[in-house]
Amino acid sequence: EAGVTQSPTHLIKTRGQQATLRCSPISGHTSVYWYQQALGLGLQFLLWYDEGEERNRGNFPPRFSGRQFPNYSSELNVNALELEDSALYLCASSRRGPYTFGSGTRLTVV
Amino acid sequence: GIQVEQSPPDLILQEGANSTLRCNFSDSVNNLQWFHQNPWGQLINLFYIPSGTKQNGRLSATTVATERYSLLYISSSQTTDSGVYFCAVQFAGNNRKLIWGLGTSLAVNP
């Protein structure tokens, strides 16, 4: 069974640009969760999608947005990038049970 | 308010030693999960354990929901056990949102 896949693994962007991160959940999982982990810190909840709908949102500005597609894959978009957006972005999937995480996308804003 | 507290925050062990990590939570839970994050950032789900005891090789976990704590036991530790161990809790009635502890950082020395 394929795990949760995230792409790209690394992304370097300039301040003010937009970044798009992608996540494919485990087959059969309908929920996708996005987290931000800044260097040396814990996980900060960003977004939860389930059955194509945004179900919950963390304490992040509106320039963090996303969507879930009919095949349950998901995109995270970050507009107007700021230096402090540099972090590891982790995606997890579940079907009302244990979370399985992808390997993450390391975003660097310069 | 809703809280998840982990202890100790840091732990250093010699290879072969045993250890116990603790997670205290402030309210009734729907589920509790233990994760290991390796030094490269990969998060692995160790246990999905809202109550009772589970074992997986050298690791075991016990959650006593009525007393609002969970324990993660690591026996015969190995250097590959190094990393950060997170406890994450879904509280009853909290719209399936996971609340994360700050983690226990474990270093196992050869």
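Below: a short report on this structure. All values derive from a computational prediction rather than experimental measurement.

Rules used in this analysis
- Sequence positions are assigned chain by chain, starting from 1 and proceeding in written order.
- To read the labels, note that chains go from A and ligands from 1, taken in the order they are written.
- Given that the model is predicted, a residue must reach a pLDDT of at least 70 before its local features are reported, and side-chain atom pairs must reach 80 or more before they are shown or counted; all residues, however, enter totals for whole chains, interfaces and linings.
- For side-chain calculations, the full set of non-hydrogen atoms in the structure is used, while hydrogens and water are omitted.
- Contacts are assigned to residue pairs that have any heavy atoms within 4.5 Å of one another.
- Summed over both partners, buried area is the accessible surface (1.4 Å probe) that two parts give up on being assembled.
- Put simply, a salt bridge is a Lys or Arg side-chain nitrogen that is within 4 Å of an Asp or Glu carboxyl oxygen.
- Pairing of aromatic side chains here covers Phe, Tyr and the six-membered ring of Trp, requires ring centres within 6.5 Å, and sorts the geometry by plane angle: under 30 degrees stacked, over 60 edge-to-face, intermediate tilted.
- Secondary structure elements follow DSSP: runs of H or I of four or more residues count as helices, runs of E of two or more count as strands, with numbering from the N terminus.
- Throughout, exposure labels follow a simple rule: accessible area from a 1.4 Å probe, protein chains only, divided by the maximum for the residue type, with under 20% read as buried, over 50% as exposed, and the rest as partly exposed.
- Definitions used throughout: a 1 Å grid over protein atoms alone; a cavity as a set of points that fits a 1.4 Å probe which cannot get out; a pocket as an open set with protein on both sides within 12 Å along at least five of seven lines; a lining residue as one with an atom within 4 Å of a point.
- Grid points are joined across faces, edges and corners, and a volume is the space filled by probe spheres set on the points.
- Gly is placed with the polar residues, together with every amino acid not listed as nonpolar (Ala, Val, Leu, Ile, Met, Phe, Trp, Tyr, Cys and Pro) or charged (Asp, Glu, Lys and Arg).

Contacts between the two partners involve 15 residues from chain B and, on the opposite side, 22 residues from chain A. Note on chain B versus chain A: buried area summed over both sides is about 1,500 Å², and carbon and sulfur give 51% of it. Looking only at chain B, the three residues that lose the most surface to chain A are B:Leu43, B:Arg96 and B:Trp100, adding up to 37% of its buried area. Across the chain B-chain A interface, the total number found is 0 salt bridges.

Residue and element names in this part refer to chain A. If you walk through the whole model with that rule in mind, you get 11 aromatic pairs over all chains. Here the aromatic rings of Tyr-33 and Trp-48 are separated by 5.9 Å at their centres, their planes lie at 15 degrees, and the arrangement is stacked. With Tyr-33 in strand E4 (residues 31-37) and Trp-48 in strand E5 (residues 44-50), the pair connects residues that are 15 residues apart, well separated along the chain. In this structure, Tyr-33 and Trp-48 share a single accessibility class: buried.

Our next topic: the layout of surface pockets. By volume, the largest pocket amounts to about 340 Å³. Of all the secondary structure elements, the ones that give two or more residues to the lining of the largest pocket are strand E9 (83-91) and strand E11 (104-109) of chain B. By residue class, the composition of the lining of the largest pocket is 10 nonpolar, 9 polar and 1 charged. Taken as a whole, the second largest pocket holds about 290 Å³ of empty space. In this structure, the second largest pocket is lined by 15 residues; those nearest its centre are A:Leu43, A:Gln44, A:Phe45, B:Lys97 and B:Trp100. Sorting elements by how many residues they give to the lining of the second largest pocket places strand E10 (residues 98-100) of chain B first, with 3 residues. Taken together, the residues of the lining of the second largest pocket sort by class into 8 nonpolar, 6 polar and 1 charged.

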